[in-house]
Amino acid sequence: MTHPTYPHLLEPITLGAGPDALTLRNRVVMGSMHTGLEDHPWDIDKLTAFFTERARGGVGLIITGGYAPTKRGWLKPFASEMTNRLHAIRHQRITGAVHEAGGAIALQVLHAGRYGYHPLSQSASDKKSPITPFKPHAMSSKEVDHTATAFAKSVALARKAGYDAVEIMGSEGYLINQFLAARTNDRDDEWGGSAARRMHFPVEVVRRSRELVGDDFPIVYRISLLDLVEGGQTWEETAELALHLQAAGVTVFNTGIGWHEARVPTIITQVPRGAWRSYTARLKQVVDVPVCASNRINTPELAEDILAAGEADLVSMARPLLADPAFVAKAMDERADEINTCIACNQACLDHVFDNQRASCLVNPRACHETELLLTPTMRKQTVAVVGAGPAGLAAATSAAERGFAVTLFEKSPALGGQFRLAMAVPGKEDFAETLRYFTRRLEVLGVDVRLSTEASADDLAGFDQVVVATGVEPRMPDIPGIDHPSVASYAEVLSGAVVPGRRVAVIGAGGIGVDVSVFLTHEHEDLDDWMAHWGVGDPALHVGGLTEAKPRTPAREVTLIQRKATPIGIGLAKTSGWAHRAVLKQSGVTQVRGATYDRIDDAGLHITVDGASHVVECDTVVVCAGQDSVRGLYDALDREAHLIGGADVAAELDAKRAIKQGTEVVAAL
Ligand code: NAP
Ligand code: SF4
């Protein structure tokens, strides 16, 4: 029966034909994401639980993280590979469990090429990537030939392991891209030298795979629609490649945007939702097989819209399925307002993986910890008071209610959200509002007694069996002469709209919030076309790799961002998004001052000393972003046992990831 709200998204689709044809129950693909669990054989049960929970949640097709076809194709030393029968046998555990849960699963075969973080890495040429320290070995013609066959063998092993399909990773700048682009391929043998010969390698990979697995086994190929690097492919080359690959036996095209070394953000929060859909639509005009859209699609509404517009046949969402394993089931039951939406922060997923830690999710700390962080129904129905409705308190209240406790949530202000409410005011972080929508709805569904505008006292908490104190933080106001000058405001006052700064602003403190506030202050309104123009994204039919000259921004204010440390500003920001925030500061003309001492604030502005010389930063407003102090008055006044969490526990380097995780863990242990 056609679904009334998501008729396209929840419609089945059959991939391929013949006995191996694969019918998916809907068009939602959980895109490949390396979680770190793939790399250790002893983590296979955790990985199985991770996939199984998503299969139970109704996703059409799951694609695993990348498995290398050869050791030299590893992402890092001893990383995941699919190279022998024992691997295939071990994976039957995963495929069996996913099938039992009603799902379908494909193995991704990925050769890292010069992105391999190890000394054995190899590539089309010996050009080192800007994001890895190892110079790759340039493959001999024989090694290329051997590697194409190794890909095909991995594909065949995946089939033996019970996978329903495979995905060949041909995007994000890995080995296959390194063969395709002149930037990384300066060979003069049959695998390079002209655009046509650079396509030889991926086409051989698909042709040999098809030969080994027969006509019907679904082969997904993830094609790079837009390389976003100099010396990448042109659209003409991409379209030609797609046709060759289709002829060689590709069943479905998944799509990728940008190499990992690209300096245009492609998936983080500040990228407008659905930014890349028109490129998928373009590929769909070229090929006859189904096409899957991807990148910055995080709601069922947007996914439905893309399919309804005929721009794709399937939609891939990786991080949204990390954030909520029941994404599809909730859409199906008309409970989309209960989806825990991925906010594209990368903080617990990609940042962890790039830091060699197991992935998880900021808004769902159970992700990749399904067998460890359990919210089991309680045997003793106790009453729980949670004080403070920032991320830590919200996570604690909803987790406790989910376990069956009777929960009362006290919040002193008239709204839920705490520091998170401030974060969502930052341009490019609008998606953070989704987390508040999720928690608000969850509190309703779970029947939590929410008391807004209520400052709980020790007496109010006396009757509760358990008390969780999540009273959060307050902005730190440093001891600078003149800090009480009328031109001074805290970041909270500015982001909440209580204070509107003047044209010239000095920002004290260049941590995450100082950078965010600088973006907030300089931001001009931009639509998708402006966003593309500011990042220099052009039509790949006209500009190689889809890169053109960036259009300068017109900042709304003159901002000077200052810190005491001598280190570069923003150096401590997250790995996969910090570079983009630093780039926006530059684009917005923010003056950056480091190694400063704050002397005083007066009518002339902010007086600082840098390298022994005094300066005045002339400004109308000084915004203080100098970290936070814990708010612990209530906790200190309690003469009973209570659980202290979030910023009230430790203010330093507090972020929503730590707050939500701690709130969930404390309650899981009750
Ligand atoms: P933060 O990262 O600790 O930065 C505060 C900055 O203020 C410090 O870098 C420090 O730099 C300065 N400072 C500290 N004490 C000061 C004092 N007494 N006088 C003058 N300056 C002082 O804190 P935040 O920026 O408030 O961020 C809070 C948390 O949110 C952090 O954990 C952060 O990771 C997270 N967050 C992250 C992002 C992001 O990644 N984009 C965005 C927002 C928030 P100097 O000592 O060098 O001056
Ligand atoms: Fe999405 Fe952030 Fe969770 Fe990653 S950590 S899945 S980006 S919400």
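Residues numbered from 1 in each chain as written. Chains lettered and ligands numbered in written order. Predicted model: local features only at pLDDT ≥ 70, side-chain atom pairs only at ≥ 80, totals over all residues. Heavy atoms only, no water.

So, on to the site of ligand 1. The environment of ligand 1 is formed by 20 residues, the closest being I513, R564, K565, Q628 and L654. Within the side chain of R476, a nitrogen or oxygen atom sits 3.2 Å from a nitrogen atom of ligand 1. The backbone of I513 places a nitrogen or oxygen atom 2.9 Å from an oxygen atom of ligand 1. When ligand 1 is considered free in solution it has 890 Å² of accessible area, and contact with the protein chains removes 78% of it. Counting residues per element, the shell around ligand 1 draws most heavily on helix α17 (residues 512-522), at three residues. Here the residues of the shell around ligand 1 sort into seven nonpolar, seven polar and six charged. If you count residues domain by domain, the shell around ligand 1 takes at least three from each of domain 2 (383-474 + 629-668) and domain 3 (477-626). (Near = heavy atom within 4 Å. Polar contact = N/O pair within 3.5 Å; in protein donor to acceptor, adjacent residues only side chain to side chain. Areas by Shrake-Rupley, 256 points an atom, 1.4 Å probe, with all protein chains shown as cover. Helix = DSSP H or I, 4+ residues; strand = E, 2+ residues; numbered from the N terminus. Nonpolar A, V, L, I, M, F, W, Y, C, P; charged D, E, K, R; others polar. Domains from an automatic or database assignment.)

So, about the sheet that holds strand β20 (residues 558-562). Sheets are built from strands paired through backbone hydrogen bonds, the pairs being either parallel or antiparallel. The parallel open sheet is built from five strands, whose spatial order is β18-β25-β19-β20-β21. Across the chains shown, the open sheet's two edge strands, defined by having one partner strand only, are β18 (488-490) and β21 (591-593). Direction aside, the axes of adjacent strands within the sheet are offset by 20° on average. Across five bridges, strand β19 (residues 504-508) lies against β20 in parallel orientation. If you follow V507 over to β20, its bridge partner there is L561. Relative to β20, α17 is tilted by about 175°, and along the sheet it contacts β19, β20 and β25 (621-624). (Pairing = 2+ DSSP bridges. Axes fitted to C-alpha atoms, helices over the stretch in contact; angles between N-to-C directions. Contact = heavy atoms within 4.5 Å.)

Glancing now at the packing of aromatic side chains. Per the stated rule, a full pass over the model turns up 15 aromatic pairs. Arranged with centres 6.1 Å apart and planes meeting at 85°, the rings of F410 and F464 form a pair that is edge-to-face. Taken together, the residues span a long stretch of sequence, with F410 in strand β14 (residues 406-410) and F464 in the loop between β15 (449-451) and β16 (466-469) at a distance of 54 residues. Considered together, F410 and F464 belong to a single accessibility category, that of buried residues. What links up through ring pairs into an aromatic cluster is the set W276, Y279, W531, W535 and W579. Stacked on the ring of W579, the Lys or Arg R263 has its end atom at 4.1 Å from the ring centre. Seen from the ring of W235, R282 lies directly overhead, with NZ or CZ sitting 5.3 Å from the centre. (Phe/Tyr/Trp six-rings, centres within 6.5 Å; stacked < 30°, edge-to-face > 60°. Buried < 20%, exposed > 50% of the residue type's maximum accessible area, 1.4 Å probe, protein only. Lys NZ or Arg CZ within 6 Å of the ring centre and 35° of its normal.)

On to the domain arrangement of the protein, then. Under the domain assignment used here, the protein contains domain 1 (13-344), domain 2 (383-474 + 629-668) and domain 3 (477-626). Spacing between the C-alpha centres of domain 1 and domain 3 amounts to 38 Å. If you look at the interface, domain 1 gives 22 residues, while domain 3 gives 19 residues. Summing both sides of the interface, domain 1 and domain 3 together bury roughly 1700 Å²; the carbon and sulfur share of this comes to 70%. A per-residue breakdown of the area domain 1 buries against domain 3 is headed by R263, I268 and Q270, which together make up 26% of the total. Where domain 1 packs against domain 3, one counts one salt bridge. Joining domain 1 to domain 3, the criterion identifies five residue pairs in polar contact (both at pLDDT 80 or more). Within the side of domain 1 that touches domain 3, the residues separate by chemical class into 13 nonpolar, five polar and four charged. (Buried area = accessible area lost by both parts, 1.4 Å probe. Salt bridge = Lys/Arg side-chain N within 4 Å of Asp/Glu carboxyl O.)

Around ligand 2, the surrounding shell consists of R319, L322, C342, I343, A344, C345, N346, A348, C349, C361 and L362. Of all the cavities here, the one that holds ligand 2 is the largest cavity. Among the residues making up the shell around ligand 2, the classes are represented as nine nonpolar, one polar and one charged. (1 Å grid on protein atoms, 1.4 Å probe; cavity = no way out; pocket = protein on both sides within 12 Å on 5 of 7 lines; lining within 4 Å. Sits in = over half its atoms within 2 Å of the grid points.)

End to end, helix α3 (residues 141-160) covers 29 Å across 20 residues, agreeing with the expected 28 Å (1.5 Å per residue, within 8%). Residues V144, T147, A148, A150, F151, A152, S154, V155, L157 and A158 constitute the buried set of α3. Summarising the contacts, the buried residues of α3 are in contact with α2 (85-100), β5 (105-109), β6 (122-123), β8 (165-170), α4 (175-180) and α6 (200-213). G162, located one to two residues past α3, shows a positive phi value of around 100°. (Expected span 1.5 Å × (residues − 1).)

Formed by 174 residues in total, the largest nonpolar core has its most connected members in F201, Y221, F253 and W276. A per-element tally of this core places helix α13 (residues 391-403) first, with seven residues. Setting aside chain neighbours within four positions, we find Y221 in contact with I168, G170, I176, L180, P202, V206, L241, L245, V250, V252, F253 and N254. Ranked by size, the runner-up nonpolar core spans 16 residues in total, among them V488, Y598, L606 and V624. (Core = buried A, V, L, I, M, F, W, Y, C linked by side-chain atoms within 4.5 Å.)

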